[in-house]
Amino acid sequence: MDPSAASRCRPVLRNPTATVKYREVVAGESVFRSTDNPQAIVIIRSGLVKVIDYSEGGTERIMLLAGRGSAVGLEAVLGQPMRYGAVAIRSAQICRIPVAVLATLGSTDAGVYRQLMSLWQANLEFADRSLSRYSSGPIALRILRLIADQIATETSSDHLEINLLRRQDMAAVMGVAPENISRAIAEFRRKKLLRKVKRDVYRCDLKQIRHLVKTLAIQADRGAGKARIAKAELRAASRLS
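J.: Residues and numbers for the nonpolar core, please.
T.: If you look at the biggest cluster of nonpolar residues, it comprises 69 residues, and the most contacted ones within it are I41, I143, I147, M170, I185, L194 and I209. Apart from the residues within four sequence positions on either side, I143 is in contact with M170, M174, I181, A184, I185 and F188.

This is the structure:
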């Protein structure tokens, strides 16, 4: 929130009847489940939380990665049932705000709901990126896009250290096998795009990553174009025969 809006909302949030709860969740701990009764939204104050869905076979798919300043469980605002569950990827500080308190805040400052809608839009944009950027094309391209998006939001430096997502979580974002992620990460390390500092922490060359993303994207587009041409020629030939 901007400072003026925050100051106007602070008395409501500090009211003992508001039941706004602050807590820490450790890595692997559930923030909420898809079966929970939606009565509050959750703001991520620090750390990283994944919003997950499960296939009928029990395979996990990450629908959203929520970091500092993100909101999850926004279905509660509309009184809709939770579509997904949420679990901490890393230790996280969270704030649970009941919908009733949000309604009071909304009557105090309409900007509260505008900001909630902005957070909702950000969640939808991540879902769109997951479909368009992380779920199609070569595995290497998809992983590099995910890494580039992650580090671009954390620092403007071209050489930085970043705590990469676990292989299983990357795989769950992209809908692929973790083994594919491991092979790609090993290749990035051989090419010096990633240099391991300690467990799951790597120094990244963002300039080189961006360059390789651009190169792989061009190659993928060309390959897709050739495939479309080949299919069209095949259809034309079948009609002639």
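That was the structure; now back to the text.
J.: How would you summarise unusual backbone geometry if you had to cite specific residues and measurements?
T.: A positive phi angle, close to 65 degrees, is found at K192, a residue other than glycine. Looking at the element boundaries, K192 is found in the loop between α6 (178–190) and β8 (194–198). On the basis of relative accessible area, K192 is assigned to the partly exposed category, the value being 47%.

J.: Residues and numbers for the packing of helix α5 (residues 167–174) against α6, please.
T.: Close contact between α5 and α6 brings their axes to 8 Å; oriented N to C, the two are set at 115 degrees. With respect to their mutual orientation, α5 and α6 come out roughly perpendicular. In terms of crossing hand, the pair formed by α5 and α6 is right-handed. The segment α5 lies against α6, with R167, Q168, M170, A171 and M174 engaging P178, I181, S182 and I185. The residue inventory of the contact of α5 with α6, partitioned by class, reads six nonpolar, two polar and one charged.

J.: Summarise the pairing of strand β9 (residues 201–205); cite the residues concerned and give the values.
T.: With four of five residues buried, β9 is to be regarded as a mostly interior element. Relative to β9, β8 runs antiparallel, the two being bridged by four bridges. Bridge pairing in β9 links K196 to Y202. Counting the residues between successive antiparallel strands, the hairpin from β8 to β9 contains two residues, one of them, D200, with a positive phi of roughly 65 degrees.

J.: So what's going on with helix α2 (residues 99–108)? Residues and values would help.
T.: All buried positions along α2 are accounted for by V101, L102, L105 and G106. The arc enclosing the buried residues of α2, seen along the axis, measures out at 145 degrees, which places them on a common side. More than 90 degrees from the buried face of α2, the exposed residues found are A100 and S107.

J.: An account of the side chain of R142 is needed here, citing residue identities and associated values.
T.: Looking at the element boundaries, R142 is found in helix α4 (residues 139–152). For the buried R142, no salt bridge exists, and the shortest N-O distance to an oppositely charged side chain is 12 Å, to D149. Ignoring sequence-local partners within four residues, the contact set of R142 consists of R133, Y134, S135, S136, G137, M174 and V176.

J.: Give me the lowdown on the environment of E75, citing residues and values where you can.
T.: Turning to its location among the elements, E75 is positioned in the loop between β5 (71–72) and β6 (85–98). For E75, a relative accessible area of 13% puts it in the buried group. Sequence-wise, E75 and W120 are 45 residues apart; in three dimensions their C-alpha atoms are separated by 9.4 Å. Once residues within four sequence positions are removed from consideration, E75 is found in contact with Q80, P81, M82, R83 and W120.

Calculation rules
Residues numbered from 1 in each chain as written. Predicted model: local features only at pLDDT ≥ 70, side-chain atom pairs only at ≥ 80, totals over all residues. Heavy atoms only, no water. Core = buried A, V, L, I, M, F, W, Y, C linked by side-chain atoms within 4.5 Å. Buried < 20%, exposed > 50% of the residue type's maximum accessible area, 1.4 Å probe, protein only. Contact = heavy atoms within 4.5 Å. Helix = DSSP H or I, 4+ residues; strand = E, 2+ residues; numbered from the N terminus. Axes fitted to C-alpha atoms, helices over the stretch in contact; angles between N-to-C directions. Parallel < 35°, antiparallel > 145°, perpendicular 65-115°, else oblique. Left-handed = near helix turned anticlockwise from the far one by under 90°. Nonpolar A, V, L, I, M, F, W, Y, C, P; charged D, E, K, R; others polar. Pairing = 2+ DSSP bridges. Arc of directions from axis to C-beta. Lys, Arg positive; Asp, Glu negative; His and termini not counted. Salt bridge = Lys/Arg side-chain N within 4 Å of Asp/Glu carboxyl O.

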